[in-house]
Amino acid sequence: MKTTHFIEKVQIFEAKMFRLARRILVSEDAAKDAVQEVLLKLWEKVNQNSNFNSIEAYAMQMTKNHCLDQLKLKANQNLHLVHDNFEAEEDESDENSSHNETRMQLIKNVMDKLPEQQKMVMQLRDIENYSFTEIAEILDISEVAARVNLSRARKSVIQKIKKNKAYETQTK
Amino acid sequence: MKPKQNKELKTLLARFEKGETNRVEEERLNELLQLEENKNNFSDEAELFAYFKTAKKETANTSLVQEIFDKTQQFQNSSENSSNAFHVFYKYAAILIIALGMLHFAYQYQQDKIQKEEARMAYLETKKALFIISEEMNNATDKLSEIEDFTQQTQKYINP
């Protein structure tokens, strides 16, 4: 495969890889490094004429495995744990915008604290819009397990958001 | 909100929580949650969907795959440049070493030649000197034989 062809193909889904890596590793730098390492491995695999059903699903699976390995190795211990995407365009005069950002950050934090499997299923389904078949392939689990994990994750997140709001109302 | 829509929203939310909704249903749920009349009653769920929308926009700011190949290209270019510089350096170093070597051997050859010539000249001079000495000695030998004859003749008269 030619380099340009590979780049064109990967650019379609590399943002999804980055978001999944970011969800697992939290740090933006660690996520970028992880995605680049995965892309290099993918480039090697492609050049070895490996046959994939779907290069995107394979790349996502590699990203998931690589990031979980990174977590196990605790290689990213010393990285920043700040999600700076939601820090942009801060306007103190705009209370609504600031409130929304806080709420978004809260939901993000709640999602980040979910168990790994639930976190990844929710990321892949609700943010990346993958089908259950694709999620099962990427995470190497059954479709039923994917649904169960998603259900638990959604319930947990909604419950925590409600709890937080109730606490905020009480303290006001 | 119409009671029918309210019922639909609640049903969809219940199915959403159980992970039973498909994409079309989730789209419909999102639409219903965006309605002004639902924003108060279902604000948490609406926020969750808003978060999904925001999170979907998150990118690495640059194309990571393009970055890799750009870096690889830069690395290749720089290593090519440095290998070219080394190539040029070794080329000129080799030329210099060969030139210095040739000069050294030419100088050495010249020195040897001068030394040999001097030795040959010294040999010829010595030979010439020895020849003169030999000639002188031959002349002296003739005179000695005359003295010998004189001595013999005188002895006849001294000791008859």
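Residues numbered from 1 in each chain as written. Chains lettered and ligands numbered in written order. Predicted model: local features only at pLDDT ≥ 70, side-chain atom pairs only at ≥ 80, totals over all residues. Heavy atoms only, no water.

Student: Explain the overall build of chain A to me, and be specific about the residues and the numbers.
Tutor: The number of helices and strands found in chain A is eight helices and zero strands. Starting at the N terminus and walking to the C terminus, you meet the elements of chain A as α-α-α-α-α-α-α-α. Among the 172 residues that make up chain A, the fraction classed as buried is 44%. A separation threshold of at least 6 residues defines the contact pool for chain A, and within that pool the share at least 24 residues apart is 66%. For chain A, the accessible area works out to roughly 9300 Å², and carbon and sulfur atoms hold 46% of it. (Helix = DSSP H or I, 4+ residues; strand = E, 2+ residues; numbered from the N terminus. Buried < 20%, exposed > 50% of the residue type's maximum accessible area, 1.4 Å probe, protein only. Contact = heavy atoms within 4.5 Å. Areas by Shrake-Rupley, 256 points an atom, 1.4 Å probe, with all protein chains shown as cover.)

Student: Help me get a handle on the UniProt feature "domain: RNA polymerase sigma factor 70 region 4 type" (unreviewed entry) in chain A, residues and values and all.
Tutor: Sites flagged by UniProt as "domain: RNA polymerase sigma factor 70 region 4 type" (unreviewed entry) map to residues 105-156 of chain A. Secondary structure content for residues 105-156 of chain A is 81% helix and 0% strand, and the end C-alpha separation is 16 Å. (UniProt positions renumbered as here; feature names shortened; annotations may be inferred.)

Student: Tell me about the pattern of salt bridges, and please be specific about residues and values.
Tutor: Proximity of charged atoms lets side chains of opposite charge pair with each other. As enumerated under the stated definition, the model contains 22 salt bridges over all chains in all. Taking the shortest distance from any N to any O, the salt bridge between B:E31 and B:R28 comes out at 3.6 Å. On the criterion of helical spacing, the pair formed by B:E31 and B:R28 is a turn pair, its members being three residues apart in helix α2 (residues 23-34). In this structure B:E31 comes out as partly exposed when scored by relative accessible area, which is 46%. In this structure, the salt-bridge partner of B:E117 is B:R120, at a minimum N-O distance of 3.3 Å. With a gap of three residues between them, B:E117 and B:R120 both fall in helix α4 (residues 64-158), about one helical turn apart. For B:E117, a relative accessible area of 40% translates into the label partly exposed. What makes B:R120 partly exposed here is its relative accessible area of 45%. The structure contains a network of salt bridges with shared partners spanning A:R103, A:K162, A:K165, B:D44, B:E45 and B:E47. (Salt bridge = Lys/Arg side-chain N within 4 Å of Asp/Glu carboxyl O.)

Student: How would you explain the interface of chain A and chain B if you had to name every residue and give the values?
Tutor: Contact residues are listed per partner, giving 45 residues for chain A and 34 residues for chain B. Taking both partners together, chain A and chain B bury about 3500 Å²; carbon and sulfur atoms supply 58% of that area. By the criterion of area lost to chain B, the three top residues of chain A are A:Q36, A:R154 and A:I158, representing 16% of everything that side buries. There are nine salt bridges connecting chain A and chain B. Along the contact surface separating chain A from chain B lie 21 residue pairs in polar contact (both at pLDDT 80 or more). Those elements that place two or more of their residues in the side of chain A that touches chain B are α1 (3-11), α2 (14-25), α3 (28-47), α5 (95-112), α6 (116-127), α7 (132-139) and α8 (143-171) of chain A. The biggest single contributor to the side of chain A that touches chain B is α8(A), with ten residues. Split by residue class, the side of chain A that touches chain B holds 21 nonpolar, eight polar and 16 charged. (Buried area = accessible area lost by both parts, 1.4 Å probe. Polar contact = N/O pair within 3.5 Å; in protein donor to acceptor, adjacent residues only side chain to side chain. Nonpolar A, V, L, I, M, F, W, Y, C, P; charged D, E, K, R; others polar.)

Student: Summarise the packing of aromatic side chains; cite the residues concerned and give the values.
Tutor: Throughout the structure, instances matching the rule amount to eight aromatic pairs over all chains. A ring pair is formed by B:F89 and B:Y90, whose centres lie 5.5 Å apart and whose planes are at 65°; its orientation type is edge-to-face. Each member of the pair, B:F89 together with B:Y90, is exposed. By the ring-pair criterion, three or more aromatic residues cluster together here, those being B:F16, B:F49, B:Y51 and B:F52. When the ring centre of A:F132 is taken as reference, the NZ or CZ atom of A:R147 above it lies at 4.1 Å. (Phe/Tyr/Trp six-rings, centres within 6.5 Å; stacked < 30°, edge-to-face > 60°. Lys NZ or Arg CZ within 6 Å of the ring centre and 35° of its normal.)

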